[in-house]
Amino acid sequence: MIEPLPHLAAMSAYQLPPQDYAPGKTPILIGQNESAFPPSPKALDAAQAAMAGLRRYPGSDFAELRAAIAEAHNLEFERLFCGNGSMELIAALTRCYCGPGDAVLSSQYGYGYFKTAAQTVGADYISAPEEGFRVSVDALIAAATDQTKVCFVANPGNPTGTVIGRDELERLRNGLPSDILLVIDEAYGEFADGTQQRCFDMCDQGNVIVLRTLSKAYGLAGIRVGWGYFPPPVLATLRKLMPPGLTSAMSLAAATAAMRDQAYMRGVVTETARLRDGFAARLRQLGYPVPESATNFVLCPFSDAEKAAKADAALRAEGIVGRNMGSFGLPHCLRFTIASEAEMAFVGDMLEAWTKENGG
Ligand SMILES: *Cc1c(COP(=O)(O)O)cnc(C)c1O
């Protein structure tokens, strides 16, 4: 029997959370940070229209979508590129710069896929401690070694929901050796856009990349489209690893139309933030020390892992599928994505009843 490469034999596959709930209940799926709202109707119309041309291969270099992103964000077309979800870009960047003996650096509660991406190329994964559920720039700088090639920072963070300012990211960039690539994963960037200074121009330094996605604020997780803003030499290397034309014509059409409909996305973000702040306030009233979230989810810390597991089970018995954070190193926490107003009211009611009986 042929044997896989040793580093692949040693790793386990990236696991999505179990979606199980009590049979017969109407499920409330709030475990994967998907949008509470449907995508722009214009995106759905565009996907439908694209079906007429399915005999043809889609374009190979995301030209229309990149033009739409360039316009929406006032960025340079040439420095934009896209992938099948930002996950594909994370994986490809890791393959560009890391191999056995190299290291990928991220922070303690960094997004789980950074670790998987490192493992697939045989690189070590180093995580720097966070402080109070926030990325610590000092800890990241201290954890970098001669082996470190790429540093991933999700900002806002997942699963913490917290954000660090641009001044902190600049301090990180200046504190890391210049030959370490800094990848700022802004999967939830649209939720922080109003309050945080944008970071795209940090890419001018040549060793910073900013990633975003259509999966969260745009309500299009199902089309699998993400994008990034790159220094040109990094993008030239990345493109060698991206098979041309791999993103479906329907996905490209939907993403392009959604990007052109910024007003719709902004409306979703505003409403999601309102629901989030209301839900977070309710959890805090129940005594849960919920960190300030700049995303479409909240992290709910319980007093211990057993309490979190019990609450998770009780909620699933009502059809509510949140996410246990054990795989992120936070077994005492559950993460709840913000869903519709009625759904969040129900989740709040159930959690309140459970907490009164069991203590959080
Ligand atoms: C959801 C998420 C992603 C993945 O986004 P896709 O574009 O759907 O692949 C990347 N990073 C973080 C931090 C996320 O939470």
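Rules of the game
- Residues numbered from 1 in each chain as written.
- Predicted model: local features only at pLDDT ≥ 70, side-chain atom pairs only at ≥ 80, totals over all residues.
- Heavy atoms only, no water.
- Helix = DSSP H or I, 4+ residues; strand = E, 2+ residues; numbered from the N terminus.
- Rg over C-alpha atoms; globule rule 2.2 N^0.38 Å.
- Buried < 20%, exposed > 50% of the residue type's maximum accessible area, 1.4 Å probe, protein only.
- Contact = heavy atoms within 4.5 Å.
- Areas by Shrake-Rupley, 256 points an atom, 1.4 Å probe, with all protein chains shown as cover.
- Lys, Arg positive; Asp, Glu negative; His and termini not counted.
- Charge placed at Lys NZ, Arg CZ, Asp CG, Glu CD.
- Salt bridge = Lys/Arg side-chain N within 4 Å of Asp/Glu carboxyl O.
- Axes fitted to C-alpha atoms, helices over the stretch in contact; angles between N-to-C directions.
- Parallel < 35°, antiparallel > 145°, perpendicular 65-115°, else oblique.
- Nonpolar A, V, L, I, M, F, W, Y, C, P; charged D, E, K, R; others polar.
- Pairing = 2+ DSSP bridges.
- Left-handed = near helix turned anticlockwise from the far one by under 90°.
- Core = buried A, V, L, I, M, F, W, Y, C linked by side-chain atoms within 4.5 Å.
- Near = heavy atom within 4 Å.
- Polar contact = N/O pair within 3.5 Å; in protein donor to acceptor, adjacent residues only side chain to side chain.
- 1 Å grid on protein atoms, 1.4 Å probe; cavity = no way out; pocket = protein on both sides within 12 Å on 5 of 7 lines; lining within 4 Å.
- Sits in = over half its atoms within 2 Å of the grid points.

Asks: I keep staring at the overall build of the chain and nothing clicks. Help me out?
Replies: Scanning the chain from N- to C-terminus turns up 13 helices and 12 strands. A compact globule built from 360 residues should have a C-alpha radius of gyration of about 21 Å, and the chain, at 20 Å, falls within 12% of that. For the C-alpha atoms alone, the extent of the chain along its principal axes is close to 60 × 55 × 50 Å. Counting over 360 residues, the chain shows a buried share of 53%. Partitioning the intrachain contacts of the chain with sequence separation of at least 6 by distance along the chain shows that 73% fall at a separation of at least 24. Entry remark: accessible area of the chain is about 15,600 Å², with carbon and sulfur atoms responsible for 54%. Across the chain, the centroid of the 31 positively charged side chains sits 3 Å from that of the 39 negatively charged ones.

Asks: When you look at the pattern of salt bridges in this model, what are you seeing that I'm missing?
Replies: Side chains carrying opposite charge are able to pair once their charged atoms draw close together. Evaluation of the coordinates by the stated rule reveals 24 salt bridges. A salt bridge links lysine 356 to glutamate 352; the shortest N-O distance between them is 2.9 Å. Of the two residues, lysine 356 and glutamate 352 are both situated in helix H13 (residues 341–358); the distance of four residues between them amounts to about one turn of the helix. With a relative accessible area of 64%, lysine 356 lands in the exposed category. With relative accessibility at 23%, the residue glutamate 352 sits in the partly exposed group. One salt-bridge network, held together by shared partners, links Glu186, Glu190, Asp193, Arg212 and Arg266.

Asks: Would you mind showing me how to read the packing of helix H11 (residues 262–285) against H13 here?
Replies: Two measures define how a pair of helices packs: the angle their axes make with one another and the distance between the axes. It is at 11 Å that the axes of H11 and H13 come closest, and there the two elements cross at 10°. If you check the angle between H11 and H13, you find them roughly parallel. Contacts between H11 and H13 involve Arg274, Leu275, Phe279, Arg282 and Leu283 on the former and, on the latter, Glu341, Met344, Ala345, Val347, Gly348, Asp349, Leu351 and Glu352. The residue makeup of the contact of H11 with H13, split by class, is seven nonpolar, one polar and five charged.

Asks: Looking at this structure, how should I read the sheet that holds strand E7 (residues 208–213)?
Replies: Strand pairing within a sheet occurs via backbone hydrogen bonds; the two strands may be parallel or antiparallel. In spatial order, the strands read E2-E8-E7-E6-E5-E3-E4; together these seven strands make up an open sheet with mixed pairing. Either end of the sheet is taken by a strand with one partner, and the two such strands are strand E2 (80–83) and strand E4 (124–128). Between one strand axis and the next, the sheet turns by 25° as a mean value, whatever way the strands run. Strand direction decides the pairing type here: strand E6 (residues 181–185) and E7, joined by four bridges, are parallel. Counted as the bridge partner of leucine 182 is valine 208 from E7. Sitting on the sheet, helix H5 (residues 112–120) is in contact with strand E3 (103–107), E4, strand E5 (148–154) and E6, with an inclination near 155° to E4.

Asks: How should the pairing of E7 be read in this particular structure?
Replies: Within a regular strand, the side chains alternate between the two sheet faces. Burial within E7 is extensive, with six of its six residues counted as buried. Both faces of E7 are covered, namely the face carrying Val208, Val210 and Arg212 and the face carrying Ile209, Leu211 and Thr213. As judged from the four bridges shared by E7 and strand E8 (residues 226–229), these two strands associate in the antiparallel manner. Of the residues in E8, the one forming a bridge with valine 210 is tyrosine 229.

Asks: Where do I start with the packing of helix H3 (residues 63–73) against helix H10 (residues 249–260) in this structure?
Replies: At their nearest, the axes of H3 and H10 sit 9 Å apart, and the two run at 15° to each other. The orientation of H3 relative to H10 falls into the category roughly parallel. In terms of crossing hand, the pair formed by H3 and H10 is left-handed. Residues Glu64, Leu65, Ala68, Ile69, Ala72 and His73 of H3 pack against Leu252, Ala255, Thr256, Met259 and Arg260 of H10.

Asks: Sorry if this is basic, but what is going on with the nonpolar core here?
Replies: A general trend in soluble globular proteins is that nonpolar side chains are found buried together. Counting residues in each nonpolar core, the largest one holds 79 residues, and the members touching the most others are Leu214, Trp227, Phe230 and Leu238. When residues in this core are grouped by element, the largest group, six residues, is from helix H4 (residues 85–97). Core analysis: the second largest hydrophobic core is formed by 23 residues, Ala280, Leu334, Leu351 and Trp354 among them.

Asks: Please clarify how the site of the ligand should be interpreted in this entry.
Replies: Around the ligand there are 13 residues in total, and Ser86, Asp185, Thr213, Ser215 and Lys216 lie nearest to it. Here an oxygen atom of the ligand and a side-chain polar atom of asparagine 158 are 2.8 Å apart. Contact between the ligand and lysine 216: an oxygen atom at 3.1 Å from a side-chain N or O atom of the residue. Burial of the ligand by the protein amounts to 94% of the accessible area it has alone, namely 390 Å². When atoms are counted within 2 Å of each cavity's grid points, the one that captures over half of the ligand is the second largest pocket. It is H4 that provides the largest number of residues to the shell around the ligand, a total of three residues.

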